[in-house]
Amino acid sequence: MAKTEQGNGLELHDNTEKLTDSKGKGESNGMDPEVNGSIPEDRQVDKYGFSGGTQQELAEEVPIAVLRQREAKWLEMLNSWDKWMSKKHSKVKERCQKGIPPSLRGRAWLYLTGAKVKREQNKGRFEELDNQPGDPKWVDVIERDLHRQFPFHEMFAARGGHGQQDLFRVLKAYTLHRPDEGYCQAQAPVAAVLLMHMPAEDAFWVLVQICEKYLPGYYSTGLEAIQLDGEILNALLRRVSAPAHRHLKKHKLEPILYMTEWFMCAFSRTLPWSSVLRVWDMFLCEGVKILFRVGLVLLKCMLGTQEKLKSCQGLYETMELLKKISPQYMRESFLVQEIIELPVSEKDIEKEHQAQLRRWKETHGDLNCKSPPRMHGAKAIMAAEPPSRQELRQRPTIIVESPLESKTDVVSEANGKTKTTKENGHTAVLPTETVNPGDPSPALQSLTIQGSKESLSSDDLDTYL
């Protein structure tokens, strides 16, 4: 019978199978596909890659013309990221709230988190970590945890498949990058979400930024940071929904009992997938306040009236209710609108943070793990460590300087020189470059896009969706 270990607040079941060789590189173990967990050929897979589970859903479709317009706008922003962030940050935030186009989501997350700059400043670092065997203590725990990350997703369904291999590489690299912190189980689903959208090296650096800038201290031993944020959530709930707050207080339901997985996994194991992606678009732009808002919206919707509280008269019933959030409250359009409209700001969170720190010191003494300042989103991260233009440079560079309604104009240039074309009196320029082998974008030799109805995603590494 499988043993159960408790690690950093999430359950871990023992599994003795090894998915990696002695060098720490993942490899397929040749098991039968049915035993292996791969998706049967006759099983229908949705557009996100899920064949079942709570994440599979009928997502709300964005009209193709709207999607192409958004792609063109995002390409323009990514080409002048520092200017947009410094002078038009409100527009970047608005476009994240509308949803990042799937074809550019991975690249956008890389820029929003500052991971693009981190990667450029630490060239070769991930490869160096990837080639090291890793601490056997963490390697063993990570190996036993791989198969539980989105088992209904085509990328992670097969034991020893490329998804699990990359997940192992990213998590192992993080334990070597931060040996003082090691590995926490809640990091695995976060890394898995990233790998669905970008190559392993990029996923590693975004994970580093999430752990160090967005949620510092969340994955450290003792879970002090998450306990502190639980108290902040509880205090904010008093303002947002007094009935819900009174009910939780009456039944002595501590925040850490219901919000640990929500926050530590950034709702990736809670919400339907289209809602997960929309929450992440906003979270990586605006910071942890988005996680607080999601939690507050769910609590208010589930426990906010006396009528709703009739079905949960005790602690157990309340916990069961919060484990099974009603689908209507998690629906993409409803949830996003509620998140945007909820009046909880960074200032509110920081004010409550200071109050809870004082209370913590009175009851528990000093924090054992003093985390660095929490960065409230992309603008704060960029302001703390201003990047150079070279570090933000896209490879290849795509410049869109045309009306969104104009026609597609594709130009091929064999000799690698810049080619200029004109259509309807507007100029579009694409400088082609030599691309580093480790860069996430493949070498598109020459592509000029003006309101194209074709996909703007690269052929392979820009997104796995």
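The following paragraphs examine the structure supplied in this document. Please read these numbers as outputs of a predicted model, since none were measured by experiment.

1. A word on the pattern of salt bridges
Two side chains of opposite charge can pair, provided their charged atoms sit close to one another. The tally for this structure, following the rule as stated, stands at 28 salt bridges. Here E120 and R119 are joined by a salt bridge, their closest N and O atoms 2.9 Å apart. For the pair E120 and R119, a shared accessibility class is recorded, and that class is buried. One salt bridge in this structure joins R148 and D145, with 2.6 Å as the shortest N-O distance. Classification of R148 as partly exposed rests on a relative accessible area of 23%. Shared partners join several salt bridges into a network, and the residues in it are K116, R119, E120, K123 and D202.

2. Comments concerning a positive patch on the surface
A cluster of basic residues, R238, K249, R358 and R359, forms a positive patch on the protein surface. The class for K249 is exposed, based on a relative accessible area of 64%.

3. Some details on the nonpolar core
Of all hydrophobic cores here, the largest spans 120 residues; its most connected members are W81, W109, L112, Y258, F263, W280 and L303. The element best represented in this core is helix α16 (residues 289–303), accounting for 11 residues. Those residues in contact with W81 that lie beyond four places of it in its chain are W74, V92, Y111, L112, M382 and L392.

4. Brief notes about the packing of aromatic side chains
In the structure shown here, the tally under the stated rule is 15 aromatic pairs. When the ring of Y218 is compared with that of Y219, the centres are 6.3 Å apart and the planes differ by 65°; the resulting orientation is edge-to-face. Y219 carries the same exposure label as Y218, and that label is buried. Where Y258 meets W262, the ring centres are 5.8 Å apart and the plane angle is 65°; that geometry is what we call edge-to-face. Of the two residues, Y258 and W262 both sit in helix α14 (residues 255–264), four residues apart, roughly one turn of that helix. Looking at Y258, the relative accessible area reads 7%, which means it is buried.

5. Side note on unusual backbone geometry
The backbone of F150 shows a phi angle near 50°, a positive value even though the residue is not glycine. With respect to the helices and strands, the residue F150 is situated in the loop between α8 (136–145) and α9 (162–177). We classify F150 as buried; its relative accessible area is 6%. A positive phi angle, close to 50°, is found at A266, a residue other than glycine. On the secondary structure map, A266 appears in the loop between α14 and α15 (273–286). Look at A266 and you get buried, because its relative accessible area is 3%.

6. A closer look at the environment of Q164
Here Q164 is to be found in helix α9. The sequence separation of Q164 and E143 amounts to 21 residues, and the corresponding C-alpha distance is 9.1 Å. A distance of 3.1 Å separates the side chain of Q164 from the backbone oxygen of F156, its partner in a polar contact. A polar atom in the side chain of Q164 sits 3.3 Å from the backbone nitrogen of G160.

7. Some points on helix α10 (residues 187–195)
Of all nine residues in α10, nine are buried, a share of seventy percent or more. Looking at α10, one finds that the buried residues are Q187, A188, P189, V190, A191, A192, V193, L194 and L195. Next to the buried residues of α10 lie α5 (105–112), α8, α9, α11 (200–214), α14 and α15.

8. A closer look at the environment of A225
Inspection of the secondary structure assignment puts A225 in helix α12 (residues 224–240). C-alpha of A225 to C-alpha of S371: the two residues are 146 residues apart in sequence and 8.1 Å apart in space. Beyond its immediate chain neighbours, meaning those up to four positions away, A225 contacts P216, G217 and Y218.

Reading the values: the criteria
- Residues numbered from 1 in each chain as written.
- Predicted model: local features only at pLDDT ≥ 70, side-chain atom pairs only at ≥ 80, totals over all residues.
- Heavy atoms only, no water.
- Salt bridge = Lys/Arg side-chain N within 4 Å of Asp/Glu carboxyl O.
- Buried < 20%, exposed > 50% of the residue type's maximum accessible area, 1.4 Å probe, protein only.
- Patch = residues over 30% accessible without salt bridge, like charges linked within 9 Å, V, L, I, M, F, W, Y side chains within 5 Å.
- Areas by Shrake-Rupley, 256 points an atom, 1.4 Å probe, with all protein chains shown as cover.
- Lys, Arg positive; Asp, Glu negative; His and termini not counted.
- Charge placed at Lys NZ, Arg CZ, Asp CG, Glu CD.
- Core = buried A, V, L, I, M, F, W, Y, C linked by side-chain atoms within 4.5 Å.
- Helix = DSSP H or I, 4+ residues; strand = E, 2+ residues; numbered from the N terminus.
- Contact = heavy atoms within 4.5 Å.
- Phe/Tyr/Trp six-rings, centres within 6.5 Å; stacked < 30°, edge-to-face > 60°.
- Polar contact = N/O pair within 3.5 Å; in protein donor to acceptor, adjacent residues only side chain to side chain.

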